[in-house]
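# Overview (structure and organization)
Each chain is listed here by its residues.
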Amino acid sequence: MKEAIKKESIEWLKAFAIGIIIFVIIRAFFFSNYVVEGESMMPTLQDGNKLVVNKVGYKMTDFDHFDIIVFHANENDDYVKRVIGIPGDRVEYRDDHLFINGKKYEEPFLNDYRKQVSSGRLTGNFTLKELTGEATVPKGKLFVLGDNRLGSWDSRHFGFISIDQVVGKVSLRYWPFNEIQFTF
């Protein structure tokens, strides 16, 4: 009887150890947690929101306009921003409207802030050429903006980011619980 209990305990311990190893592998290579710091993505994401970042999805598929990504801004900081321009895109803002390759795009995620701006524009007029010296987004680069256009440090200030800097796409907001969201 004692031998059976000992054998059963060893099996449970092995299963637990394997589970921990699988969890660590998944966490290290497939998904990561991220806590939003600051107000650059408001109103979409708030300071303190907790996110799950898919680290492999972006490697299997191309980036799409308006994906929300996390990337290494420098050795110490990661930023969360929205993809506006992908390689080959011409990006321009005119009269508070986004144009990608000459086509006007709606940005419904900005509506809350547009209502608050009584005078002036939420996003100032610019072309990529004016900001970066490039007419189109170069291969291997992305042009990103925060949703809080009046309070975001983004590609308008630091230029393109390299696709190699990207940690992954935001897949889930899980905190606070009353704001759980799977799509952005």
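An account of the accompanying structure is given in this report. Being a predicted model, the structure only gives us computed values, none of them experimental.

This next bit is on the overall build of the protein chain. Within the protein chain one finds 5 helices and 11 strands. By the burial criterion, 39% of the 184 residues in the protein chain qualify as buried. Accessible surface, the protein chain as shown: approximately 11,100 Å² in total, 56% of it carbon and sulfur.

Ranked by size, the top nonpolar core spans 18 residues in total, and within it I84, V91, L98, L128 and F143 carry the most contacts. Contributing elements (two or more residues each) for this core: β5 (91–94), β6 (97–100) and β9 (141–145). Apart from residues no more than four positions distant in its own chain, L128 is found in contact with D89, R90, V91, G133, E134, A135, T136, V137, F143 and F160.

Attention shifts here to the pairing of strand β4 (residues 78–85). Working note: regular strand, side chains alternate between the two faces of the sheet. Most of β4 sits inside the fold, with 6 of its 8 residues counted as buried. Here strand β3 (residues 68–72) pairs with β4 via 5 bridges, running antiparallel. Each bridged residue has a counterpart across the sheet, and for I69 the counterpart in β4 is K81. Between the antiparallel neighbours β3 and β4 lie 5 residues.

Right, let's get into the sheet that holds β5. With antiparallel pairing, 4 strands are arranged side by side in an open sheet as β7-β6-β5-β8. Only two strands of the sheet have a single neighbouring strand rather than two, namely β7 (103–105) and β8 (126–127). In the sheet, β6 pairs with β7 via 3 bridges, with the strands oriented antiparallel. Bridging from a neighbouring strand, L98 pairs with Y105 of β7.

On to the layout of surface pockets, then. There is about 220 Å³ of room inside the largest pocket. If you go around the largest pocket, the residues you meet are Y34, V35, E37, G38, S40, N76, D77, D78, Y79, V80, K81 and W153. At the level of elements, β1 (31–35) and β4 are the ones that each hand at least two residues to the lining of the largest pocket. Grouping the constituent residues of the lining of the largest pocket by class yields 5 nonpolar, 3 polar and 4 charged.

What follows concerns the packing of aromatic side chains. Describing an aromatic ring pair means giving the distance of the ring centres and the angle of the ring planes. Counting across every chain of the model gives 8 aromatic pairs. One aromatic cluster is present, formed by Y93, F126, F143 and F160 through successive ring pairs. Taking NZ or CZ as reference, R82 lies 3.6 Å from the ring centre of F109, over its face. Taking the ring centre of F99 as reference, the NZ or CZ of R94 above it sits at 3.9 Å.

How each quantity is defined
Residues numbered from 1 in each chain as written. Predicted model: local features only at pLDDT ≥ 70, side-chain atom pairs only at ≥ 80, totals over all residues. Heavy atoms only, no water. Helix = DSSP H or I, 4+ residues; strand = E, 2+ residues; numbered from the N terminus. Buried < 20%, exposed > 50% of the residue type's maximum accessible area, 1.4 Å probe, protein only. Areas by Shrake-Rupley, 256 points an atom, 1.4 Å probe, with all protein chains shown as cover. Core = buried A, V, L, I, M, F, W, Y, C linked by side-chain atoms within 4.5 Å. Contact = heavy atoms within 4.5 Å. Pairing = 2+ DSSP bridges. 1 Å grid on protein atoms, 1.4 Å probe; cavity = no way out; pocket = protein on both sides within 12 Å on 5 of 7 lines; lining within 4 Å. Points joined across faces, edges and corners; volume = space filled by probe spheres on them. Nonpolar A, V, L, I, M, F, W, Y, C, P; charged D, E, K, R; others polar. Phe/Tyr/Trp six-rings, centres within 6.5 Å; stacked < 30°, edge-to-face > 60°. Lys NZ or Arg CZ within 6 Å of the ring centre and 35° of its normal.

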